[in-house]
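Geometric and topological summary
Residue-level listing of the chains:
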Amino acid sequence: MPERRFRVWRGDARGGDFADYTVEVDPGMVVLDVLHRIQARQANDLSVRWNCKAGKCGSCSMEINGRPRLACMSRMNQYAPDETVTIQPLKTFPIIKDLVTDVSWNFEQNRRIAPFKPAPRGKDGQYRMMQKDVDRVQEFRKCIECFLCQDVCHVLRERHRKDAFVGPRFLIRLASLEMHPLDTADRIPAIRDEFGSGLCNITRCCTEVCPESIGITDNGIIPLKERVVDRFYDPLRWVARKLFGSGA
Amino acid sequence: MASLSDIQTFEHDVLVIGAGGAGLRAAIESSAQGLSTGVVCKSLLGKAHTVMAEGGLAAALGNVDSRDNWKIHFRDTMRGGKFLNQWRMAELHAKQAPDRVRELEEWGAVFDRTKDGLISQRNFGGHRYPRLAHVGDRTGLEIIRTLQDYGIHRGFQIYMECTALELVLDDGRVAGVVGYWRETGRFVLFKAKAVVLATGGGGRAWRVTSNSWEYSGDGYGIAYEAGADLMDMEFTQFHPTGMVWPPSIRGILVTEGVRGDGGILLNNKRERFMFNYIPPKFAAETADTEEEANRWLKGDKSARRPPELLTRDEVARAITREVNEGRGSPHGGVFLDIASRQPADLIKRKLPSMYHQFKELAEVDITREAMEVGPTLHYFMGGVRVDHDTQMSTVPGLFAAGECAAGLHGANRLGGNSLSDLIVFGRLAGVGAADYVRRLAAAPRAHDEKITAVVRRATEILNRESGTNPFLIQEDLQGVMGRYVGIVRTEGELQAALGELERLKAETARVKAQGTSQYNAGWHQALDLRSLLITSEAVTRAALVRQESRGAHTRTDFPGERDEWLKVNVAVRKAPGGMQTEVLRRPEPPKELAEIAFATIEALEVKHA
């Protein structure tokens, strides 16, 4: 089996550095397999989060050769045989240890969002929604909460505005509620004032790293920004929308 | 070692261990009943194993075929379980699943829709009618996110990345749980009057498995050490279709939805071999020609179901036999073909994560080529033995729900019955725990000696000068279980497994974790070994006791179902001399349920004028 070289960041909140490892790589292996092999054979205490190993749970988020990725979906054959693969933790969140970061801020943001508030059921006791009316919401609900979009977002990563901006993940969650055919809550003022929709400058970096290929910017954030504009700067259109539906 | 005064303490009426579908549903219920409730989970919230469930949840809503009703769901579940299910649990499940599904919708879940705008339902193995509410092939994600987003506003506490180690009892009743924070390694005591185990199964004891690292049998280990009975542990489900290539992803699940949506199984001679494996019990309800199976796929309601949709035990055994007799695919599986059966856009719409998973991990385009698949350890039908209505185990105050509990599925689980199990029995466990707590005369006390012993055992692993490598013991165990306790079993192999398990227990007694207690993967792995070994031994001993082949348990030295074994369940418990097995006599089934189970389909269908 060919041997490959890796640099893996080791350390904790107090500091750390890259450690070099040489690992035999079998056909079909992904970066997470490599980390497990290092863990089992060379560094038992190497910290890495993972669960499903199939791109469904969003646990093994990290930066591989500088790109935010899921380690379980990063096949080794996409890197040149003589290339040293560099693996480091998400930059936007505080380090706990090695490749594990403290992402608890994200869970706090989710609690701030007004929960789903359904309309009453129909007379037959059923909810009716047409598939074409839920396609968009289902796209948003594909989100596996890997927080790669949060990691790459300039507002959070470079401008450190966690105080004012909720990040792409939670704008998408807000969009999934706002576009849910049964939901009756109004989150538009909060989207502008509390969640900072205006801070997003639409560079689409979040969309680019999304492992679920959700159209975060074009399908989610931009329509939310439009709703905010309609509400606060075009009250006539807002009234029309309320009266005649979203097509107005 | 830390003194007891350093141990962080929290107090709740009810503590739930596990934050998958069953755990979250139990916590929602307990909290709704006005009790102080906490949830402890090993991972971040929303990452539990439920997130990996693909195909759907079974509930007789009758939205797609109005002939369906709870009785037919009940009948299908009993037949799929080879009549070894607990009758009352199968009844409760079939009756309550539709309300639980509609409740999820009310909490924000967005299922795929029928043309009339109702919750759509898909076909699955062993289910007579299209019955699985679903969201493409990511139904588990939808359920866990719905429960998570609803649950965080219900007032219960969630303790993430915290691992439960052992129960603390007071005079035989539950008094609390000792655990540790994964981040710091600091120990924590949860004082609780009732504990609900919702820890899932123990598939990580096998190498080829669809399960994640979390499935280390924690609930089985915790319940066993506290003196509770485990039951039906011999029934481990091998899902017929896991990925087989490349090696590093061997075992990852390929949803049964592929077959529900028309996929067929082929051997290397391109024969649709499942027609050769239709058991007499299902012959009357299964198509016996390709022509009839094709008519079924086109929606002809008079056509019978294709044999690819037989129950999982039947399909897994058939695939194993094809491979063993030299008719397998290049990498030791068989072919699963949907490319020639459905248009590419439909495949991508109905099975998006299968498309993605094969494309990314195996470089196979499932809209153009067949997949290679083979059996993978997927699910435990057995688990903690519980009261059918309250979900309480044989230890007062200890409850269990979901995969961690035994009873609903008997000898073989139908696909789709797991997700519905979680929400039906998760809720009932919440009700059961709340009732128990309200009836308690005095709060139990958590005694210090027990807590000290748990902490000492855990810290020894770090403090030892040298010792065995926890990851290598785990790999060793996976090899042993794969080799000796696989899809077909014999007495000799099972005895060999017991010998190997003794060796692994001795090695585990000397296990050493390098480094500190801070987020230390090796230490976490070392601490998981005890539950993995208890789980493995329980499966092996129960498999030795049951001298017949039924459902997911196949003994080549005792072929075929035997009537005397239909009358009993096998239980496992801790005894002074080690693990003890007991054969438990099953009560006679209630007459009205037996009538439904043995009725013809036609007698049970909803009639339309």
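Just so we're clear, the structure is a prediction, and the values are computed from it rather than from any experiment.

**A few points about the interface of chain A and chain B**
The extent of an interface is frequently quoted as the accessible surface area lost upon association of the parts. Contacts between the two partners involve 47 residues from chain A and, on the opposite side, 50 residues from chain B. Of all the secondary-structure elements, those providing two or more residues to the side of chain A that touches chain B are α1 (31-41), β6 (95-97), α2 (104-112) and α3 (131-141) of chain A. Of the residues forming the side of chain A that touches chain B, the biggest block, 5 residues, is contributed by α3 of chain A. For the side of chain A that touches chain B, a count of residues per class yields 23 nonpolar, 12 polar and 12 charged.

**Topic: the sheet that holds strand β3 (residues 57-58) of chain B**
Residues and elements named next belong to chain B. Pairing is antiparallel across the open sheet formed by 3 strands, whose spatial order is β3-β5-β4. At either end of the open sheet lies a strand with only one pairing partner, and these are β3 and β4 (121-122). Across 2 bridges, the pairing between β4 and strand β5 (residues 132-133) is antiparallel. Its bridge partner lying in β5, glutamine 121 is registered against alanine 133.

**Side note on the pairing of strand β4 (residues 67-70) of chain A**
Residue and element names in this part refer to chain A. Of the strand pairs in this sheet, strand β3 (residues 61-64) and β4 are connected by 4 bridges, and their pairing is antiparallel. Residue pairing for β4: serine 61 is matched across the bridge by leucine 70. Connecting β3 to the antiparallel partner β4 that follows it, the hairpin turn spans 2 residues, and asparagine 65 within it adopts a positive phi of roughly 50 degrees.

**Details of the domain arrangement of chain B**
All names here are of chain B. Its domain assignment divides chain B into domain 1 (8-53 + 83-101 + 140-237 + 378-439) and domain 2 (238-377). Centre-to-centre separation of domain 1 and domain 2, based on C-alpha positions: 32 Å. Contacts between the two partners involve 12 residues from domain 1, matched on the other side by 13 residues from domain 2. Taken together, the residues of the side of domain 1 that touches domain 2 break down into 4 nonpolar, 8 polar and no charged.

**As for the sheet that holds strand β15 (residues 383-384) of chain B**
Residues and elements named next belong to chain B. One open sheet holds the 4 strands; their spatial order is β15-β10-β17-β18, and the pairing between them is antiparallel. Each edge of the open sheet is held by one strand with a lone partner, namely β15 and β18 (578-585). Pairing between strand β10 (residues 230-231) and strand β17 (residues 568-575): 2 bridges, direction antiparallel. The residue of β17 that forms the bridge with methionine 231 is alanine 571. Across the sheet, helix α16 (residues 521-545) lies against β10, β17 and β18, angled at about 45 degrees from β18, the strand it touches most.

What counts and what doesn't
Residues numbered from 1 in each chain as written. Chains lettered and ligands numbered in written order. Predicted model: local features only at pLDDT ≥ 70, side-chain atom pairs only at ≥ 80, totals over all residues. Contact = placed C-beta atoms within 7 Å. Helix = DSSP H or I, 4+ residues; strand = E, 2+ residues; numbered from the N terminus. Nonpolar A, V, L, I, M, F, W, Y, C, P; charged D, E, K, R; others polar. Pairing = 2+ DSSP bridges. Domains from an automatic or database assignment. Axes fitted to C-alpha atoms, helices over the stretch in contact; angles between N-to-C directions.

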